[in-house]
Amino acid sequence: ASTLNKQHRVLRQIFQYAKKEQLIEVIPDIQDVPENNREARRPSITASQYNKLLKHFRDKYENENQPTLQRIYQRLAYLWIVTIDATGIRPFKDEKNALKWEHIHRNLNDDGSVKSILISRTEKGKTYEALADAHWSAIYDDLKQIHTMWEMDSEYVFAHPLTVEARKIYKNEPIKNFRGQWRRAMESLGYAAKGAKQQDRISPYSIRHRYISRRMLINKDIRIEELAQIVGSSPRMLFDIYWHFDSERKYEDLVAGGYEQNLE
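This one's a predicted model, so the numbers in the text were calculated from it and none came from an experiment.

Conventions we followed
- Residues numbered from 1 in each chain as written.
- Predicted model: local features only at pLDDT ≥ 70, side-chain atom pairs only at ≥ 80, totals over all residues.
- Heavy atoms only, no water.
- Pairing = 2+ DSSP bridges.
- Helix = DSSP H or I, 4+ residues; strand = E, 2+ residues; numbered from the N terminus.
- Axes fitted to C-alpha atoms, helices over the stretch in contact; angles between N-to-C directions.
- Patch = residues over 30% accessible without salt bridge, like charges linked within 9 Å, V, L, I, M, F, W, Y side chains within 5 Å.
- Areas by Shrake-Rupley, 256 points an atom, 1.4 Å probe, with all protein chains shown as cover.
- Salt bridge = Lys/Arg side-chain N within 4 Å of Asp/Glu carboxyl O.
- Core = buried A, V, L, I, M, F, W, Y, C linked by side-chain atoms within 4.5 Å.
- Buried < 20%, exposed > 50% of the residue type's maximum accessible area, 1.4 Å probe, protein only.
- Contact = heavy atoms within 4.5 Å.

(A) Local environment of the sheet that holds strand 1 (residues 104–108). The three strands lie next to each other as 1-2-3, forming an open sheet whose pairing is antiparallel. Strands with a single pairing partner mark the edges of an open sheet, and in this sheet they are strand 1 and strand 3 (126–131). Averaged over all neighbouring strand pairs, the angle between strand axes comes to 15°, with direction disregarded. The pairing of strand 1 with strand 2 (residues 114–123) spans five bridges and is antiparallel. Looking across to strand 2, one finds that I104 is bridged to I119.

(B) Here's a closer look at a nonpolar patch on the surface. Together, V10, L11 and I14 line one region of the surface with nonpolar side chains, adding up to about 240 Å² of accessible area. Considering the arrangement of structural elements, one finds L11 in helix 1 (residues 2–20).

(C) Inspection of the nonpolar core at higher detail. In this structure, L53, I81, I104, W136 and F158 are the most contacted members of the largest nonpolar core, which totals 48 residues. Sorting the residues of this core by element identifies helix 3 (47–61), helix 4 (68–87), strand 2, strand 3, helix 5 (136–149) and helix 6 (179–189) as the ones contributing at least two each. Looking at this core, the element that brings in the most residues is helix 4, giving 11 residues. The residues touching I81, leaving out its near neighbours within four places in the chain, are Y50, L53, L54, F57, W182 and I207. Ranked by size, the runner-up nonpolar core spans 10 residues in total, among them Y211, A228, I230 and L238.

(D) Here's a closer look at the pattern of salt bridges. Scanning all chains against the criterion turns up 14 salt bridges. With a closest N to O distance of 2.9 Å, D133 and R214 form a salt bridge. Of this pair, D133 sits in the loop between strand 3 and helix 5 while R214 sits in helix 7 (residues 204–218); the two residues are 81 residues apart in sequence, bridging distant segments of the chain. The class for R214 is partly exposed, based on a relative accessible area of 22%. Residue R223 is joined to E226 by a salt bridge in which the shortest nitrogen-to-oxygen separation is 3.7 Å. The partly exposed category is assigned to R223, whose relative accessible area is 44%. When salt bridges that share partners are traced, they join D85, D133, R210, R214 and R215 into one network.

Printed below as a string of structure tokens:
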């Protein structure tokens, strides 16, 4: 619905311009489609589904019978998934939004522990600082190690380790997405039934939902406005989609002062 309404806004502007230029006499009445963010949202991935997904990729990259190049791409896909889970960033789909090393600001304490990890992102025309979980520091080190082992010199975090001319893949250029690996994993695990609606299909966005849900449930002091800032969304969008989590974490406050049964 939101995509259709964006198109409607563009069409209305075109018709307004056409009338101004006297190309038409009447502007057509274009009605927006009712939006229900809560019903249209992609489903969250359960803990069991998530663990099975990680195991799927681990089994792939740990299989020594598979070609080395296939194994490293399965490893990178695994690290891509756990990065979304630990940072909440939107799954990038093209070179424009691919994650770069310069986007990452990791601050460590003197003992090597994590003080903070911020990731600068510009998505959907909005710039924000994603807040990564502390354990993403180890994922960061794993990705650095892959670059070193494959003698890569790329500004992109997820980059091709080798050139494969036949597939028009070039070393150090960004991996635009992991669509193929994801699709095969979904088919293998049965998470994407053919013909199912978007809101019934597990997608990389489901892992972003997992991050946001975890933040809301674990950190009871964070306000929706603050969470919206670190995930690059709007408070209204988060409220529409995650209101049930907000209610769950604040249950005691919401029912305070309610009826108490007198059993004496």
